[in-house]
Amino acid sequence: MATLLLQSDWIKNWEKSGKHEFVQLCKELTEKLNHGCEVRDMQTALYELCWQVVQGNLKLDLAATVLGDMMDLREDMSSILADVFSILDIETSALEEKHKREHYTQLVGACLIFVPEVILKERLDPETLESLGLIKQAHQFNQKIVKIKTKLFYKQQKFNLLREENEGYAKLISELGQDLSGNITSHLVLESIKSLIGCFNLDPNRVLDIILEVYEGRSDQDHFFLSLIKSYMCEPLTLCHMLGFKFKFYQEPNEETPKSLYHIAAALLHHNLIELEDLYVHLMPQDVSIVEEHKREISEAKQIARKLVMVVVPSEKSDDKDKDKEKEEEKNDKPPDNQKLGLLEALLRIGDWHHAQSIMDQMPSFYATSHKAIALALCQLVHLTVDPLYRRAGVPKGAKGRVLRPLRSCRAPRPAETFEDLRQNTFSMLCYLGPHLSHDPILFAKVVRLGKGFMKEYQAESRAEFKDKMETLLSCFLAMADQVLLPSLSLLECNACLSEELWGLFKLFPYQHRYRLYGQWKNETYSSHPLLVKVKAQTIDRAKYIMKRLTKENVKPSGRQIGKLSHSNPTILFDYILSQIQWYDNLIGPVVDSLKYLTSLNYDVLAYCIIEALANPEKEKMKHDDTTISSWLQSLASLCGAVFRKYPIELAGLLQYVTNQLKAGKSFDLLILKEVVQKMAGIEITDEMTSEQLEAMTGGEQLKAEIRNTKKSSQRLKDTLLDHELALPLCLLMAQQRNGVVFLEGGEKHLKLVGKLYDQCHDTLVQFGGFLASNLSTEDYIKRVPSIDILCNQFHTPHDAAFFLSRPMYAHQILSRYDELKKAEKGSRQQPKVHKYVAACEQVMAPVHQAVVSLHPPRVWDDLRPQFYATFWSLTMYDLAAPHTAYEREDKLLEEERKQLEHVQRSIQSTKNETITKFLQLCLFPRCIFSASDAVYCARFVELVHQQKTPNFCTLLCYDRVFSAIIYTVASCTENESRRYGRFLCCMLETVTRWHSDRSIYEKECANYPGFLTIFRATGFDGGNKADQLDYENFRHVVHKWHYMLTKASVHCLETGEYTHIRNVLIVLTKILPCYPKVLNLGQALECRVLKICQEEKEKRPDLYALAMGYSGQLKGRKAHMVPENEFHHKEQPVRSTPHPFPQNGPPATKLTIKMEDPGSEDGDRSKDKTVGTTKPVNKANSTNANKVTSTTNGNSAPNSTKSAKEDKEKSGKERKDKKEKTPGSTPETKGDRREKQREERGGGGGGKEERSGAAKEEQQQRAPREGKERTPKAERDKLKEEKSGGSGGGSSSGKEEAKEASRESKSKEKDRGAAGGIKLPAPRPESAESERDNKRRKLDSHSSPSHSSSVKQHPGYNCVSHSKSREREVDKKENDIVTPRSKEKKEEKERKERKRDHIIIDSEVTLEPKRRKDENGTNSCKNSKSTSPSSDPPPSAEKEKTKRSKSSSKEKSVSVKPERTSSGGKKVSTARC
């Protein structure tokens, strides 16, 4: 009352406005909504008004009038005013001012009119009442109050003790204990009880207590006693207190509360005779104690789990056992009953789910149901609830369920008739039950079967209006599986039947739902309850015990133990097993064999655990060196392949995981797909196949199946891919990811790792595509694979992968169309089978021919026809050849072999005239590294095109390009691509070696074939023109050149020091070992370099060391099959005075001219470069001798005649003399070197003259780069003099001048073009460096390396032609007749330039480069070396020469395979010959 509501001005102006303001205030206070506050405020306002009267500030009558008016505002206003008077009474009685007491008494007296006396007598002091005249004497009034209180509270009116009124209570007990089976009702008994109470003055509360006691003894008579208590009882709180008193009695230690008391309490609660909140406070223990107990149990369980996991010393083990015994003894001291749990059980027994749920909500999760009695009671209630629905939708056929008696209580949960009814109470009951459903396996099975019944209805339901309800029910069943079924399975001991029953439900869920359930089960469920914590620890401990003892010998008993353990806790067990496999990969075999005792659910859980282990973000998928994939990932991949092949595990989740990883740009996990396809489908990575397997893979499907034998597992894999639509996405993602490995993933990764990932991605694509092609039905395959243009343009699939995927589709469509054509013409005149097959091919491939045009720029199709391009990419080895050896191994497949032979004969019909360059660039090279079978296919395709006598297809040029330019190809390959490229080269070399081995084979397969023409004419192939053919001896020279080029490229790669170069070339060399090297000195050069690699890389790079050692060992084993060079190709051995310590050989100076003549007009298309190398215009020397076919070496061109050879020797002597005079930069070392050479020449014996001439040539060749540009004018003058003086030997001198001019022109182009095979030439060096280079060259010559012979007895072109001497003289005579004066030649040269004659020389150069930098050079040449050079063709007649010169509109395409000699300065002196 500190706040003043009555303002002072109101009292002053009471008559005018104060009264009105006060009344208005009271009305506002009365209208307040906040109950309680308005009463206090009203009391405050009245108190202030009365206090003003007591103080005399306000007249009594005015105040009394206002107070009287206030009585109408509230009903309890008189009581409020009486409270104010009571307070004032106390305050005024303590005041010394008597007038204030008098004012107060007068005010109360004035208010007696509207304040009842009874209220004032309750609240005012007796002295005040006496002064007001309400009582006579205060003293007497006080005495009367004391008497009344004594009578009320201290005098016993009723008897509550049995001994006080034993007769009455005896009759009462007899009345309640009588037989109630007759017509006795609770109403009649109640009347008798009332009579007894009145007659014997029995205490009614004591009577109620006796009724409860009797009810407790006769708890089966619920109906009678409940109706009796309901009629007898007047206040529920009294009954609650009595029950609480009874429960209180049993809360002492070692006391046990009887179940009957729980029952009557539950019955009274169930019938709402008492309130749970009122009774709950009387029960023990308190909720806080329950929570603490639950926490203590969890901590103890975790401690036990830690002990099981920790490694404990034996002494500590004994101490821990003693402590555990003490704890168990302490637990044996029985604590007081948990009365709340007892009441809960009783409620569940009678079906009062509502009150039971309220009690469980007060406790921690699953605390109540962790007690078995409560769990069983709740299970029984669930049994009764689901029984009708279970009988309708859950009972299996032929099964008979046990009849359950329903609860008699009408207030129990209503039994479920439909699945929708389960949502009311059943699902919530199961959730409260949680993992403790394990106490009732029968109910577990019922719930699972109800789930299966629901899933059948869910899958059959198609109506939209019911779909939402069904989705809600589905989520409920999933929640049950997560919270109830799986945790309960963990607590069940080895129940395989329930595991299989549960799988019957789970297999109806999508794998996404299942895996989510397994994830929750593994990672969260085991931490939710103390029991599950202990079970997890025990499972891990048992798993450790089993895995420590698992070996190959005890797989069966260990497998049974694993199976037993896995029935209940598969996630924990498999998690531990997988962790062990990741560390020890030798466990994979025993573990896979021991898993045969698992249930279907366990296999599915295993698949999830594997995926989870693979996706573990804490594990690095690369080793610490960042160059290899981690061993744990490789181990898991191997396990995947073995497990999924052997056991019926669903693959969808694993395949989707790999797909998702590819979508995310991660290719590591393709290792898994590779292993799965390899194990399940039996499809090996082709690089890992043996030659026999690879040969069998080119046969029919039956032959392929013979090497696989995995029909069941491959069918499962196929079904999974089709059902989940993963086949095409996986193919496209892998095809796209190949480049992603390099450009997206490979940014920060080691080059070695990038190569491995690329190989893995590519190999898996090939493997997976092969699986789809061989296992999918044709309809399924065609339906899923789009056309080639959509694959490439829309899905951005690389062309090789796109054709790889489309190829099976084309083959089937062609065969189907072919069969249709055969059937259509059965009755009519039949065409040959080949014609029908060609027609079928044209019909099927016509759209493909149109589609491939969009894959490349238009200029590509100027050189390569789409038909040829599509034909190359659409055929396979099956179309080219039948594997006779493989069919012979499988006698039962003779019919399939016959069919394939017929197919091959039909297929070999479609190669046309195409450009070699585009063919190599767009067809041969991309496909030969795609797969091992494709590598063989490419080699056989080239051979087939040759055998078909395809017009204008130069087989020689194709082989030359392949063998002459391998450095860049080898360097750009990955490890597996280099294996495939090596296989391709090996197959190409096999063909070449076969032709090289026997003249008869060469004559039969090559002699009259257009592929071995050196001149192509547009009028067609004239097989009888021997002059245009490459003869056998010259072919042997060419083969030797190819072998030399392979040696040079190999040594170059080995000397670079680059990891990739060395590794790849060693792999390629190993692959081509059966066919190369065949020449002894080349093999020795390789062996020397490989041994050096072994020494250098032994400690640095062990993998290179292993490759080099392996190749070195195999190379030594092949030495017996190598032959000297003169046996490999025809070569006369020169007479030598001092033999070299090492066998030396140089590049064969083979000059193979391939000309293409066209009689058309000058306006025809300009000839295009058809090489991988660089294009060079034809110089004057080339033009002059355009129609000659000669052989040149080291820039000294001459016809094959004795006369020209002698003249050449004389010229060389002069040139040698001139060079000595005109070389100012020669050093003493150089001069000393020349003196040594001269002494060797003088001591050379009978061949001294020829050797000196050869030495002069060699000296000229070595000094050519040193002369440089300064010598050029002088050289020109010398050339003119030689022309004038050499009139009689015009053929020789003109040829020499042409060669020099060609050499100068080629030197000017050398900076813009590399050597054949992509090797760059070193820049020119100053003269002062010559001495140092000569010294280094002498050192390098001490190694065994490919080089020229030290001296040549005759002209190099002379010994290479297999003609008689008379034939050679005829050739010389004809050539001398053809030669015209120099001036006439110059005039003709100008005329040719005016007519814009195009001559394009395509050079496959054979070069030996000394003094290369160590990381670029392949071999070291010898200073004193030359080699013979075969002459490709005899020269044409003079009449033909003149005719060709006179035609202004003719075009010549000259494709020249020419030698290049390397001078000591590092420049090439190239010669050209047409």
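Residues numbered from 1 in each chain as written. Predicted model: local features only at pLDDT ≥ 70, side-chain atom pairs only at ≥ 80, totals over all residues. Heavy atoms only, no water.

1. Digging into the overall build of the protein chain
Then comes step 1: For the protein chain, the helix and strand inventory stands at 70 helices and 10 strands.
Then comes step 2: Expressed as a percentage of the 1474 residues in the protein chain, the buried residues total 54%.
Then comes step 3: Within the protein chain, counting contacts between residues at least 6 apart in sequence, those at least 24 apart form 79% of the total.
Then comes step 4: Accessible surface computed for the protein chain: about 67,300 Å², of which carbon and sulfur atoms make up 51%. (Helix = DSSP H or I, 4+ residues; strand = E, 2+ residues; numbered from the N terminus. Buried < 20%, exposed > 50% of the residue type's maximum accessible area, 1.4 Å probe, protein only. Contact = heavy atoms within 4.5 Å. Areas by Shrake-Rupley, 256 points an atom, 1.4 Å probe, with all protein chains shown as cover.)

2. Concerning the side chain of Asp-482
Then comes step 1: Relative to the assigned elements, Asp-482 resides in helix α24 (residues 464-491).
Then comes step 2: Setting aside residues no more than four positions away along its own chain, Asp-482 makes contact with Pro-487, Leu-517, Gln-520 and Thr-525.

3. Description of the confidence of the model for the protein chain
Then comes step 1: When pLDDT is averaged across the protein chain, the result is 74; 68% of the residues are at 70 or more.
Then comes step 2: For the stretch residues 1155-1384, pLDDT sits under 50, and the model shows 468 contacts to residues farther than four places along the chain or on other chains. (pLDDT = per-residue confidence, 0-100.)

4. Focus on the nonpolar core
Then comes step 1: Core analysis: the largest hydrophobic core is formed by 307 residues, its most contacted members being Leu-343, Phe-506 and Phe-984.
Then comes step 2: When residues of this core are assigned to their parent elements, the largest contribution, 13 residues, is made by α24.
Then comes step 3: Residues within four places of Phe-984 in sequence aside, it is in contact with Leu-924, Cys-928, Ala-935, Cys-938, Ala-939 and Val-962.
Then comes step 4: Grouped together as the second largest cluster of nonpolar side chains are 42 residues, Trp-14, Ile-80, Val-84 and Leu-134 included. (Core = buried A, V, L, I, M, F, W, Y, C linked by side-chain atoms within 4.5 Å.)

5. Observations regarding the packing of aromatic side chains
Then comes step 1: Under the defined criterion, the tally for this structure stands at 46 aromatic pairs.
Then comes step 2: Between Tyr-515 and Tyr-608, the ring centres sit 5.7 Å apart and the planes meet at 50°, which makes this aromatic pair tilted. With a gap of 93 residues between them, Tyr-515 in helix α26 (residues 511-523) and Tyr-608 in helix α31 (residues 600-614) connect regions that are remote in the sequence. Tyr-608 matches Tyr-515 in its accessibility class, with the two residues each being buried.
Then comes step 3: For Lys-467, the ring lying beneath its charged end belongs to Tyr-458, and the centroid distance is 4.8 Å. (Phe/Tyr/Trp six-rings, centres within 6.5 Å; stacked < 30°, edge-to-face > 60°. Lys NZ or Arg CZ within 6 Å of the ring centre and 35° of its normal.)

6. A short note on the packing of helix α28 (residues 555-566) against helix α29 (residues 570-583)
Then comes step 1: One can describe the packing of α28 onto α29 by two numbers: an axis separation of 8 Å at closest approach and a directional angle of 135°. Viewed along their axes, α28 and α29 adopt a mutual orientation that is oblique. On α29, the residues that touch Ile-562, Leu-565 and Ser-566 of α28 are Pro-570, Leu-573, Phe-574 and Ile-577.
Then comes step 2: Looking at the contact of α28 with α29 residue by residue, the class counts come to six nonpolar, one polar and no charged. (Axes fitted to C-alpha atoms, helices over the stretch in contact; angles between N-to-C directions. Parallel < 35°, antiparallel > 145°, perpendicular 65-115°, else oblique. Nonpolar A, V, L, I, M, F, W, Y, C, P; charged D, E, K, R; others polar.)

7. What to know about the pattern of salt bridges
Should the charged atoms of two oppositely charged side chains come close, the side chains can pair.
Then comes step 1: With the rule as written, the count across this model stands at 38 salt bridges.
Then comes step 2: Its salt-bridge partner being Asp-800, residue Arg-738 comes within 2.9 Å of it at the nearest N-O pair. In this pair, Arg-738 sits in helix α38 (residues 727-745) while Asp-800 sits in helix α42 (residues 799-824), placing the two residues 62 residues apart along the sequence.
Then comes step 3: Measuring nitrogen to oxygen at the nearest pair gives 2.3 Å for the salt bridge that ties Lys-1041 to Asp-960. (Salt bridge = Lys/Arg side-chain N within 4 Å of Asp/Glu carboxyl O.)

8. What about unusual backbone geometry?
Where the residue is not glycine, phi is negative for most of them; where a peptide bond is considered, it is trans in most cases.
Then comes step 1: Note the cis peptide between Met-284 and Pro-285, where omega equals 0°.
Then comes step 2: Residue Pro-1077 is bonded to the preceding Tyr-1076 through a cis peptide linkage, with omega at 0°.
Then comes step 3: Inspection of the secondary structure puts Pro-1077 in the loop between α56 (1059-1071) and α57 (1080-1097).
Then comes step 4: The phi torsion at His-796 lies on the positive side, around 55°, for a residue other than glycine.
Then comes step 5: Looking at the secondary structure, you find His-796 in the loop between α41 (788-794) and α42.
Then comes step 6: With a relative accessible area of 60%, His-796 lands in the exposed category.

9. A word on a nonpolar patch on the surface
Then comes step 1: Taken together, the side chains of Ile-148, Leu-152, Phe-153 and Tyr-154 make up a nonpolar region of the molecular surface, amounting to roughly 540 Å² of accessible area.
Then comes step 2: Among the secondary structure elements, Leu-152 is positioned in helix α9 (residues 138-153). (Patch = residues over 30% accessible without salt bridge, like charges linked within 9 Å, V, L, I, M, F, W, Y side chains within 5 Å.)

10. A closer look at a positive patch on the surface
Then comes step 1: Where like charges cluster on the molecular surface, the positive patch consists of Arg-542, Lys-548, Arg-549 and Lys-564.
Then comes step 2: Structurally, the position occupied by Arg-542 is in helix α27 (residues 530-548). (Lys, Arg positive; Asp, Glu negative; His and termini not counted. Charge placed at Lys NZ, Arg CZ, Asp CG, Glu CD.)

11. Some words on the packing of helix α2 (residues 14-30) against helix α4 (residues 60-70)
Then comes step 1: Where α2 contacts α4, the axes come no closer than 11 Å and their chain directions differ by 30°. Classified by the angle between their axes, α2 and α4 sit roughly parallel to one another. Here α2 and α4 pass one another in a crossing that is right-handed. Judged by residue contacts, Trp-14, Glu-15, Lys-19, Phe-22, Val-23 and Cys-26 of α2 engage Leu-62, Thr-65, Val-66, Asp-69 and Met-70 from α4. (Left-handed = near helix turned anticlockwise from the far one by under 90°.)

12. Details of a negative patch on the surface
Then comes step 1: Together, Asp-9, Glu-21, Glu-28 and Glu-31 give the surface a local cluster of negative charge.
Then comes step 2: Inspection of the secondary structure assignment puts Asp-9 in helix α1 (residues 8-12).

13. Observations regarding helix α51 (residues 955-964)
Then comes step 1: Taking burial as the measure, the 10 residues of α51 include 10 buried ones, the bulk of the element.
Then comes step 2: All of the buried residues in α51 are Thr-955, Leu-956, Leu-957, Cys-958, Tyr-959, Asp-960, Arg-961, Val-962, Phe-963 and Ser-964.

14. Some remarks on the environment of Gln-140
Then comes step 1: Secondary-structure assignment places Gln-140 in helix α9.
Then comes step 2: Using a relative accessible area of 47% as the deciding quantity, one classes Gln-140 as partly exposed.
Then comes step 3: Once the C-alpha coordinates of Gln-140 and Pro-126 are considered, the two residues, 14 residues apart in sequence, prove to be 9.8 Å apart.

15. Comments concerning helix α6 (residues 98-110)
Then comes step 1: Compared with an ideal rise of 1.5 Å per residue, which puts 13 residues at 18 Å, α6 spans 18 Å between its outermost C-alpha atoms and is within 8% of the ideal.
Then comes step 2: When we look at burial in α6, the residues that qualify are Lys-100, Tyr-104, Leu-107 and Val-108. Looking straight down α6, one finds its buried side chains confined to an arc of 95°; they lie on one side. (Expected span 1.5 Å × (residues − 1). Arc of directions from axis to C-beta.)

16. What to know about the environment of Leu-58
Then comes step 1: You can see Leu-58 is positioned in the loop between α3 (37-55) and α4.
Then comes step 2: What makes Leu-58 buried here is its relative accessible area of 6%.
Then comes step 3: With 46 residues separating them along the chain, Leu-58 and Lys-12 place their C-alpha atoms 8.7 Å apart.
Then comes step 4: Ignoring anything within four residues of it in the chain, the contact list for Leu-58 reads Trp-14, Leu-49, Gln-52, Val-53 and Ala-63.

17. Notes on the environment of Tyr-104
Then comes step 1: Tracing the backbone shows Tyr-104 in helix α6.
Then comes step 2: Sequence spacing of Tyr-104 and Leu-88 is 16 residues, and the spatial spacing of their C-alpha atoms is 7.6 Å.
Then comes step 3: Those residues within four positions of Tyr-104 in sequence are excluded, and the remaining contacts are Val-54, Phe-85, Leu-88, Asp-89, Thr-92, Leu-124 and Thr-128.

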